[in-house]
Amino acid sequence: MPELPEVENVKNGLLDLLPGKVIKEVQVLWPNIIKDPAANIFSRQLAGQTIENIGRRGKFLLFYLSDYVLISHLRMEGKFRVETTDTPLARHTHVVFKLNGEEELRYLDVRKFGKMSLTSRVRPFEHPSLVSLGPEPTADKLNDKWVSQFLQNRKRAIKACLLDQTLVAGIGNIYADEILFDARIHPSRPAYSLKQEDISRLTKSIITIMDKAVKSGGTTIRTYANAYGDSGTYQHNLKVYGRDQAACTRCGTRIEKIKVAQRGTHFCPLCQPAE
Ligand SMILES: [Zn+2]
């Protein structure tokens, strides 16, 4: 699943191609992709809208249009491509936005898990998909105090909290493992057991790992690629994710893989003690 850095890369790719384009017509080939409003209303409201800007909040892409904001979550395998109208439709194309200049923005999704919503341009962040998202993982938005308040009294594993989009927006399975390794915190530790110094390290690791991953264009595994088909390079920096049984880069101990919060979880048993 693309996480914040990969979605940011997709956003940057689309930003080079789309602002200023007018949506002439929308064809929804798989209506379940459209969460709200109904697919026919979605198509009707989009006709004639100009794409003014493209943004991101957590793992959501935001297309700022003349009167609306189109909110898109790629979930497992969603992708956008910009093609000329004479390019044959690829398999798994579910939504086609016909643009001026004989171009089309096409949404492809092998698993069909992705979702799109259309909301008002006035207060887009009040849409149910966005309203409860936690802060972005940046130094100006995230601080120890917020993380500390969130974790106190929570019995869930710290990894489950990192995956909870109401603590911080944009972290998924790969970066949760990398952040906890960087902060030297065992992934199944109960959230409330973290001491103030653990929380300070954790907050710092969230900010630095996500920043590095954004600057690398994200991590390329399996099918993720940005709008151009380029891809990120952060996979070369992964310290624990996908490194089951390999030597820890810090201490040489073998990386272990366990299940935490129903997700495959990688950690170093020496660098990340259970307490
Ligand atoms: Zn280690």
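Computed from a predicted structure; not experimentally measured. (Residues numbered from 1 in each chain as written. Predicted model: local features only at pLDDT ≥ 70, side-chain atom pairs only at ≥ 80, totals over all residues. Heavy atoms only, no water.)

**Section: the coordination of the zinc ion**
For the record, the criterion: Donor atoms are limited to N, O and S found within 2.8 Å of the metal ion, a distance that becomes 3.2 Å for Na, K and Ca. With water left out, some sites might look partial. A site with four donors is called tetrahedral when every donor-metal-donor angle falls between 85 and 135 degrees; four donors are called square planar, and six octahedral, when opposite donors sit more than 155 degrees apart and all other angles fall between 65 and 115; any other arrangement is irregular. The buried label applies to any residue whose accessible area, calculated with a 1.4 Å probe on protein chains only, is under 20% of its type's maximum; exposed applies above 50%, and partly exposed to all values in between.
Bound to the zinc ion are the protein donor atoms Cys248 (SG), Cys251 (SG), Cys268 (SG) and Cys271 (SG), situated 2.3 to 2.4 Å from the metal. Metal-centred angles of 101 to 112 degrees between the 4 donor atoms at the zinc ion mark the site as tetrahedral. Along the chain, the residues donating to the zinc ion are arranged with the sequence spacing C-x2-C-x16-C-x2-C. The class for Cys268 is buried, based on a relative accessible area of 0%. Note on Cys271: relative accessible area 8%, which makes it buried.

**Side note on the packing of aromatic side chains**
Here is the rule we go by: Paired rings are identified among Phe, Tyr and Trp, the last through its six-membered ring, by centres lying within 6.5 Å, and are further divided according to the angle between planes into stacked (under 30 degrees), edge-to-face (over 60) and tilted (the rest). Strands here mean DSSP runs of E at least two residues long; helices mean DSSP runs of H or I at least four residues long; both are numbered from the N terminus. When the NZ atom of lysine or the CZ atom of arginine is within 6 Å of a ring's centre and also within 35 degrees of its normal, the charge is said to sit over that ring.
This model, assessed by the stated rule, comprises 4 aromatic pairs. Considering the side-chain rings of Trp146 and Phe150, the 6.5 Å spacing of their centres and the 45 degrees angle between planes classify their relative orientation as tilted. Here the residue Trp146 and the residue Phe150 both occupy positions in helix H3 (residues 144–151), the gap between them amounting to 4 residues, near one helical turn. An aromatic cluster is defined as three or more aromatic residues linked by ring pairs; in this entry it consists of Phe63, Phe80 and Tyr107. Of note, Lys112 hangs over the ring of Trp30, and the distance from its end group to the ring centre comes to 3.4 Å. Sitting above the plane of the Phe150 ring, Arg154 keeps its charged end 3.7 Å from the centroid.

**Observations concerning the layout of surface pockets**
The line we're drawing: A pocket here means an open set of points on a 1 Å grid, computed over the protein atoms alone, that has protein on both sides within 12 Å along at least five of seven lines. A cavity is instead a set of points where a 1.4 Å probe fits but cannot get out; residues with an atom within 4 Å of a point line either one. Grid points are joined across faces, edges and corners, and a volume is the space filled by probe spheres set on the points. Here the nonpolar group is Ala, Val, Leu, Ile, Met, Phe, Trp, Tyr, Cys and Pro; Asp, Glu, Lys and Arg are the charged ones; every other residue, Gly included, is treated as polar.
Its volume calculated, the largest pocket comes out at about 240 Å³. Taken together, 14 residues line the largest pocket, and the ones lying closest to its centre are Met1, Glu3, Met76, Asn173 and Arg263. When its residues are assigned to classes, the lining of the largest pocket shows 7 nonpolar, 3 polar and 4 charged.

**Structural notes on the nonpolar core**
Rules: The criterion is simple. A nonpolar core is a set of buried Ala, Val, Leu, Ile, Met, Phe, Trp, Tyr and Cys residues joined through side-chain atoms within 4.5 Å. We call two residues contacting when some pair of their heavy atoms lies within 4.5 Å.
Leu151, Leu162, Ile171, Tyr175, Ile179 and Leu202 are the most contacted members of the largest nonpolar core, which has 30 residues in total. Elements supplying a minimum of two residues to this core: H3, helix H4 (158–163), helix H5 (173–182) and helix H6 (196–215). Look past the residues within four positions of Tyr175 in its chain and what remains in contact with it is Glu3, Pro5, Glu6, Ile209, Met210, Ala213, Gly218, Thr219 and Tyr234. Ile23, Ala39, Met116 and Leu118 belong to the second-largest nonpolar core, a separate cluster that totals 28 residues.

**Focus: the packing of H5 against H6**
Counted only if it meets this: Think of each axis as a best-fit line through the C-alpha atoms, taken over the contacting stretch in the case of a helix, with angles from 0 to 180 degrees between the N-to-C directions. Orientation labels follow simple angle bins: below 35 degrees gives roughly parallel, above 145 gives roughly antiparallel, 65 to 115 gives roughly perpendicular, and whatever is left gives oblique. Throughout, a crossing is termed right-handed when the near helix is turned clockwise from the far one, and left-handed when it is turned anticlockwise from it by less than a right angle.
At a closest axis distance of 9 Å, the pairing of H5 and H6 adopts a crossing angle of 130 degrees. By the angle class used here, H5 and H6 are oblique. Of the two possible hands of crossing, H5 and H6 adopt the one that is right-handed. For the pair H5 and H6, contact is made by Tyr175, Glu178, Ile179, Leu180 and Asp182 and by Leu202, Ser205, Ile206, Thr208, Ile209, Met210 and Ala213, respectively. Among the residues making up the contact of H5 with H6, the classes are represented as 8 nonpolar, 2 polar and 2 charged.

**Some thoughts on the sheet that holds strand E9 (residues 115–120)**
To keep things clear, this is the line we draw: Strands are labelled as partners when DSSP assigns at least two bridges between them.
Here we have 5 strands laid out as an open sheet, ordered E2-E9-E5-E4-E3, and mixed in their pairing. Each edge of the open sheet carries a strand with a single partner, namely strand E2 (34–36) and strand E3 (51–57). Averaged over all neighbouring strand pairs, the angle between strand axes comes to 25 degrees, with direction disregarded. Two strands pair when backbone bridges link them, and E3 and strand E4 (residues 60–65) are joined in this way by 6 bridges, in the antiparallel orientation. Counted as the bridge partner of Arg57 is Phe60 from E4. Contacts from helix H1 (residues 4–17) reach E3 and E4 within the one sheet, and its direction differs from that of E3 by about 170 degrees. Where helix H2 (residues 39–46) meets the sheet, it contacts E2, E4, strand E5 (68–73) and E9, and its direction lies at approximately 55 degrees from that of E9.

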